[in-house]
Amino acid sequence: MMNKQPTRLDSIPAGAQAAPPTNAGAQIAPRAKSARFSLLTLGTATAFLGALLFAFNGLPAWAAGASDPDWSVEGGAPLEQFGYVVQNVGDYDGDGYVDVMVTAPRYAISATLAPGAVFIYPGAEEGILPSAIYTLTGEEDNDFYGADVATVRAAELGNVGNFVVGASEAGRAVWYAPAGEEDWTPTAYFTATGEASGDGFGETIAATDDLNANGFSDFVVGASRTNLNTGQAYIYYGGNLTATLALTLTGEAPNDNYGFAVGGGLLRGENPASVVVGAPQNNEVGLNAGKVYLYHGSATGIEDATPDQTLVSGVAGGQFGTALTVPGDVNGDGFADLVVGADLEAGMGKVYLYLGSTTGVMTTPLTTRTGENLGDRFGFAAAPAGDVNGDGFADVAITARDFATRTGKAYIYGGCLDGFLSAPLAIYAGEAENSNYGRSVAALGQAENDLFPGVLVGAPGLNISRGKAYGYYVPGGLPQCAASIVVSSTVVVAGTGDPVCGSADALTVEEDTEVAICHTVQNTGSVTLTRHVISGTYGIPTDAISMTLAPGAVYSTVVTATATLTDSGVLSYTWDAEIPIPTPNPAGDGLIDSDRVMTAAAISALTLTVEPRDPDDPDNPNDPDNPNDPDTDPTIYLPYATRQ
């Protein structure tokens, strides 16, 4: 989940007693009433002339009013750091609307007791309400209760109402669930504890889905300060309102800060889930270059503490592994993917997208994104954003906490076949310097009755660390991932041997000339194409081809006219292709459809001029003195297009 930087905000001393952040400083704007996004509509491509190409990028960002929140709540007193973590708790109270949590780890309940607190805000038809329905607090002064929170799933409760809260200075992580079937009061059912004071146990927590195939969600707790900051991570298997410590993982060397970020999810499709742990100050490939470790589950769980995979960026000082998230299926290949933040790389920060597969993540990133300015710390936090533009691809929220002297920014990047759309779908900014806006980020969510997805952003440093939390509902009409094909007309005249394709957009032929079309298509995309249909005018038959075309493969065919040409005009040809988008998982916790395809079509047009034959032409079949010899008739090949 979200994580802290090496210079921690939790060193700020506790303040005086604070009032709960209810209506004071809160605002809520009604959500616009518009039709729900269609999760199944992917849009058809527009036909163009040019080289055959799939274009997924170059989409403009939506920014109008982007920094005006639809919901916000400010902390009740200075220094409490309200908004330190924001999280979607799902439909906690079972009313069909998403509820959210906000933590204030320095929240004080008296002048001498500041254990920290977690607030739960309910969702409703008009959006997230401004008053908390539940407030949970730590036990002792300086517990730093609310250092992190994670929403987990439990089969016996219908996958709602479960979450884990970390108290990093107390070394605890507490699992809460509703008290009963009709009583939604959060009740502590299980408490995990660290090994020693000061370990930071509970500073990072992440739900991992099911690691051992027992039907319950599991979770991982980080403690990056153990053993001279070597760091550890603890894996817990979930059960019937309880959990069991299954395995303790340990970093490689002092000051690695292993466990600084933790995550997990279904990176291998239907196989058991995986755990991901970041060590952003690991020195294996360079000082503070960072390293990420993956451990894959099985029918019996994770076998041992040896990682199944490791990832590095190879850039010294980049802090690769500062942020980790499994946002769902970003590129539509049926596997959840992994996003890794390196908040100091290139001085601006960088984010990497790794694709999931049946055996784990691909070790080469599909794509990356870099911050705007030096010192931005882009990639400080990252989280699933759901599917905010309704195209069926998982979207990702990424923050640059230090943008403009810690004013902070948050971005939403849309998923697509080639990774992220090139321009962010939305950009949000903090209110003031040193607000630490973007220290945490989370999906606002999509519950049964929640028609408008969005994001939550925390700014715990605002107003003398009083802190503030923001919610944004993303409007409809955002750019979506869609394929467009651009084609060119090419032509060749048959000669001796095999025809050689040339290029032209116009051709003059004599009447009664037999015509053939030479189709050449190369798949330069990243996914396999299926079922192609080629059709044309002037008696050219439709050629329906049931086949697959792997990335990089070339397909060629020749279609001959059923009739000779007698009239001038535009000879047009259409190429249709279907791209499978299997079992997407945009929200990270369920499938929305398993049979979708993206369609792409293009038209190639060739201006054809047909001229009468010279009656003295010895090959003119209309000349009775020169009967037609079909073996000598010229054949005009019109090669269809080459995909570039």
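Owing to the predicted nature of the structure, the values given are computational and were not obtained by experimental measurement. (Residues numbered from 1 in each chain as written. Predicted model: local features only at pLDDT ≥ 70, side-chain atom pairs only at ≥ 80, totals over all residues. Heavy atoms only, no water.)

Asks: In this structure, what is going on with the overall build of the chain? I would like to understand it.
Replies: Summing up its helical and strand segments, the chain has three helices and 44 strands in all. For the chain, buried positions account for 57% of its 644 residues. The contacts in the chain between residues at least 6 apart in sequence include a share of 63% that link residues at least 24 apart. (Helix = DSSP H or I, 4+ residues; strand = E, 2+ residues; numbered from the N terminus. Buried < 20%, exposed > 50% of the residue type's maximum accessible area, 1.4 Å probe, protein only. Contact = heavy atoms within 4.5 Å.)

Asks: Even after reading the chapter, I still don't get the state of the cysteines, so can you show me in this structure?
Replies: Disulfides are covalent bonds that link the sulfur atoms of two cysteine residues. Inspection of the entire model under this criterion finds one disulfide. In this model, C416 is linked to C481 through a disulfide, with the two sulfur atoms separated by 2.0 Å. Disulfide C416-C481: torsion about the S-S bond near 65 degrees, hence right-handed. Taken as a pair, C416 in strand β29 (residues 415–416) and C481 in the loop between β34 (468–473) and β35 (485–487) lie far apart in primary sequence, 65 residues in all. By the burial criterion, C416 is buried, and C481 matches it. (Disulfide = S-S within 2.5 Å.)

Asks: In this structure, what is going on with the environment of L287? I would like to understand it.
Replies: Structurally, L287 is set in the loop between β19 (274–279) and β20 (291–296). Using a relative accessible area of 60% as the deciding quantity, one classes L287 as exposed. Expressed as a C-alpha distance, the spacing of L287 and A316, which sit 29 residues apart in the sequence, is 5.1 Å. Excluding anything up to four places from it in sequence, L287 contacts A316 and G317.

Asks: Sorry if this is basic, but what is going on with the sheet that holds strand β26 (residues 378–384) here?
Replies: Here we have four strands laid out as an open sheet, ordered β26-β27-β28-β31, and antiparallel in their pairing. A strand with exactly one partner marks an edge of an open sheet, and here the two such strands are β26 and β31 (426–429). Each neighbouring strand pair of the sheet contributes to a mean axis angle of 20 degrees, computed without reference to strand direction. (Pairing = 2+ DSSP bridges. Axes fitted to C-alpha atoms, helices over the stretch in contact; angles between N-to-C directions.)

Asks: Looking at this structure, I do not really get the sheet that holds strand β13 (residues 186–193). What am I missing?
Replies: Backbone hydrogen bonds are what pair the strands of a sheet, in a parallel or an antiparallel way. Taken in spatial order, the four strands make up an open sheet running β10-β11-β12-β13, and their pairing is antiparallel. What marks the edges here is a single partner per strand, and that holds for β10 (145–152) and β13. Recorded for the sheet is a direction-independent mean angle of 25 degrees between the axes of neighbouring strands.

Asks: Would you mind showing me how to read the nonpolar core here?
Replies: Burial of nonpolar side chains together is a common tendency in soluble globular proteins. Core analysis: the biggest nonpolar cluster contains 26 residues, and V388, I412, Y428, Y437, V455, V457 and Y472 have the highest contact counts within it. Contributions of two or more residues to this core are made by β26, β28 (409–413), β31, β33 (454–459) and β34. Grouped together as the second largest cluster of nonpolar side chains are 18 residues, V98, Y107, F119 and A442 included. (Core = buried A, V, L, I, M, F, W, Y, C linked by side-chain atoms within 4.5 Å.)

Asks: Sorry, what's going on with the pattern of salt bridges here?
Replies: Pairing is possible between side chains that carry opposite charge, provided their charged atoms lie close to one another. Applying the stated criterion to the full structure yields 14 salt bridges. Its salt-bridge partner being R466, residue E74 comes within 3.7 Å of it at the nearest N-O pair. You can see E74 sitting in strand β3 (residues 71–74) and its partner R466 sitting in the loop between α3 (462–465) and β34, a full 392 residues away along the chain. Residue E74 is classed as buried on the basis of its relative accessible area of 17%. D402 is paired through a salt bridge with R377; the nearest N and O atoms lie 3.9 Å apart. Taken together, the residues span a long stretch of sequence, with D402 in the loop between β27 (396–400) and α2 (403–406) and R377 in the loop between β25 (367–370) and β26 at a distance of 25 residues. Of the residues examined, D402 reaches a relative accessible area of 15% and is grouped as buried. Ionic contacts of the salt-bridge type, sharing partners, join the residues D343, R377, R401, D402 and R406 into one network. (Salt bridge = Lys/Arg side-chain N within 4 Å of Asp/Glu carboxyl O.)

Asks: Hey, could you run me through the side chain of D218 in this one?
Replies: If you trace the backbone, D218 turns up in strand β15 (residues 218–223). A distance of 2.6 Å separates a polar atom in the side chain of D218 from the backbone nitrogen of L211. Setting aside its immediate chain neighbours within four residues, D218 contacts A206, A207, T208, D209, D210, L211, N212, Y236, Y237 and G238. (Polar contact = N/O pair within 3.5 Å; in protein donor to acceptor, adjacent residues only side chain to side chain.)

Asks: Would you explain the pairing of β27 in this entry?
Replies: A regular strand carries its side chains on alternate faces of the sheet. Within β27, five of the five residues are buried, which leaves it mostly tucked inside the rest of the structure. The side-chain alternation of β27 yields two buried faces, one formed by V396, I398 and A400 and the other by A397 and T399. Judged from the five bridges that link them, β26 and β27 form a sheet pairing that is antiparallel. Bridge pairing links P384 to V396 in β27. As paired strands, β27 and β28 are joined by five bridges and run antiparallel to one another. Of the residues in β28, the one forming a bridge with T399 is A410.

Asks: Honestly, the confidence of the model for the chain in this entry has me stumped. Any pointers?
Replies: The predicted coordinates ought not to be read in detail in places where the model reports low pLDDT. In this model, the chain carries a mean pLDDT of 77, and residues with pLDDT of at least 70 account for 64%. Across residues 1–19, where pLDDT falls below 50, the model places 83 contacts with residues more than four positions away in sequence or in other chains. Counted against residues more than four places away or in other chains, residues 485–497, with its pLDDT under 50, gives 66 contacts. (pLDDT = per-residue confidence, 0-100.)

Asks: Which parts of the structure should I look at to understand the packing of aromatic side chains?
Replies: Here a ring pair, both rings aromatic, is described through the centre-centre distance and the interplanar angle of the planes. Taken as a whole and assessed by the stated rule, the structure comprises 23 aromatic pairs. Summarising the aromatic geometry, the rings of F163 and Y176 are spaced 5.3 Å apart at their centres and angled 20 degrees between planes, so their arrangement reads as stacked. Linking F163 in strand β11 (residues 162–167) with Y176 in strand β12 (residues 172–178), this pair joins segments that are 13 residues apart in sequence. Take F163: its relative accessible area is 0%, and that puts it in the buried class. When its relative accessible area of 9% is taken as the criterion, Y176 is described as buried. A ring pair is formed by Y428 and Y472, whose centres lie 4.0 Å apart and whose planes are at 25 degrees; its orientation type is stacked. (Phe/Tyr/Trp six-rings, centres within 6.5 Å; stacked < 30°, edge-to-face > 60°.)

Asks: Hey, could you run me through the environment of Y234 in this one?
Replies: Counting through the fold element by element, Y234 comes out in strand β16 (residues 232–238). Judged by relative accessible area, Y234 falls into the buried class, the value being 3%. Sequence separation of Y234 and G194 is 40 residues, and the distance between their C-alpha atoms is 9.0 Å. With near-sequence residues (within four places) excluded, Y234 lies in contact with E195, F201, F219, V220, V221, A223, T226, L245, L247 and T248. At a separation of 2.6 Å, a polar atom in the side chain of Y234 contacts the side chain of E195.

Asks: Sorry if this is basic, but what is going on with unusual backbone geometry here?
Replies: Most peptide bonds adopt trans geometry, and most residues besides glycine take a negative phi value. Backbone geometry places L241, a non-glycine residue, at a positive phi of 55 degrees. Within the secondary structure, L241 is located in the loop between β16 and β17 (243–250). L241 sits in the partly exposed class, given a relative accessible area of 21%. One non-glycine residue, N436, lies in positive phi territory at about 55 degrees.

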